[in-house]
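Per-entry structural report
Letter by letter, the chains look like this.
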Amino acid sequence: MAYKISDECIKCGACAAGCPMSCIKEGAAKYEIDENVCIECGACAASCPVGAPKLGWVSKQCNSTDER
Ligand code: SF4
Ligand code: SF4
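Since the structure is predicted, the reported quantities are computational estimates derived from the model, not experimental observations. (Residues numbered from 1 in each chain as written. Chains lettered and ligands numbered in written order. Predicted model: local features only at pLDDT ≥ 70, side-chain atom pairs only at ≥ 80, totals over all residues.)

With respect to the overall build of the protein
Our working rule: Strands are runs of DSSP state E lasting at least two residues, helices are runs of H or I lasting at least four, and both sets are numbered from the N terminus onward. Comment: burial labels come from other C-beta atoms within 10 Å of the residue's own C-beta, placed from the backbone, where a count of 20 or more is buried, 12 or fewer is exposed, and between is partly exposed. Note on contacts: each residue gets a C-beta atom placed from the backbone, and two residues are in contact if those atoms are within 7 Å.
Regarding its fold elements, the protein presents 2 helices and 4 strands. Counting from the amino terminus, the protein carries its helices and strands in the arrangement β-α-β-β-α-β. Residues classed as buried in the protein amount to 16% of the 68 residues present. For the protein, contacts bridging at least 24 residues in sequence account for 59% of all contacts bridging at least 6.

Some points on the site of ligand 2
For clarity, the cut-off: As used in this record, a residue near a molecule or strand is one whose C-beta atom, placed from the backbone, is within 6 Å of it. The residue classification treats Ala, Val, Leu, Ile, Met, Phe, Trp, Tyr, Cys and Pro as nonpolar and Asp, Glu, Lys and Arg as charged. All others, Gly included, are polar.
Of all residues adjacent to ligand 2, which total 15 residues, the nearest are C9, C12, C15, C48 and A52. Here the shell around ligand 2 is composed, by residue class, of 11 nonpolar, 2 polar and 2 charged.

Quick notes on the nonpolar core
Definition in use: The term nonpolar core refers to a set of buried Ala, Val, Leu, Ile, Met, Phe, Trp, Tyr and Cys residues connected through C-beta atoms within 7 Å.
Grouped together as the largest cluster of nonpolar side chains are 10 residues: Y3, I5, C15, C19, I24, Y31, I33, C44, C48 and A52. Contributing elements (two or more residues each) for this core: β1 (3–5) and β3 (31–33).

Here we look at the environment of C41
Within the secondary structure layout, C41 lies in the loop between β3 and α2 (43–47). Classification of C41 as partly exposed rests on a count of 13 C-beta atoms within 10 Å. Residues C41 and L55, 14 residues apart in the sequence, show an inter-C-alpha distance of 10.0 Å.

Quick word on the environment of A29
With respect to the helices, strands and loops of the structure, A29 is situated in the loop between β2 (24–26) and β3. Along the chain, A29 and I10 lie 19 residues apart, while their C-alpha atoms are 8.7 Å from each other.

Side note on unusual backbone geometry
In the Ramachandran plot, K11 falls in the positive-phi region, its phi being about 60° despite a non-glycine side chain. Note on placement: K11 falls in the loop between β1 and α1 (14–18). Its identity as a non-glycine residue notwithstanding, S22 has a phi of 50°, on the positive side. Looking at S22, the number of C-beta atoms within 10 Å reads 11, which means it is exposed.

In structure tokens form, the structure reads like this:
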């Protein structure tokens, strides 16, 4: 399990700048987390203006509050 960045990402770069493991890289459509390196510290989720980084697999119905 690791954090993953959802399609809500606006590529602002804030998460990458704050990641202690430097495991967030800019991808084609959004920023992406190397899940083999991520330590689940949560810093990316805390710094993201749109709440794109989420713990675990990105829900297909992420408008619900039932995310794990
Ligand atoms: S949870 Fe922490 S280690 Fe993982 S991508 Fe986010 S900032 Fe980096
Ligand atoms: S902080 Fe959020 S919106 Fe900005 S690049 Fe990271 S995931 Fe995307």
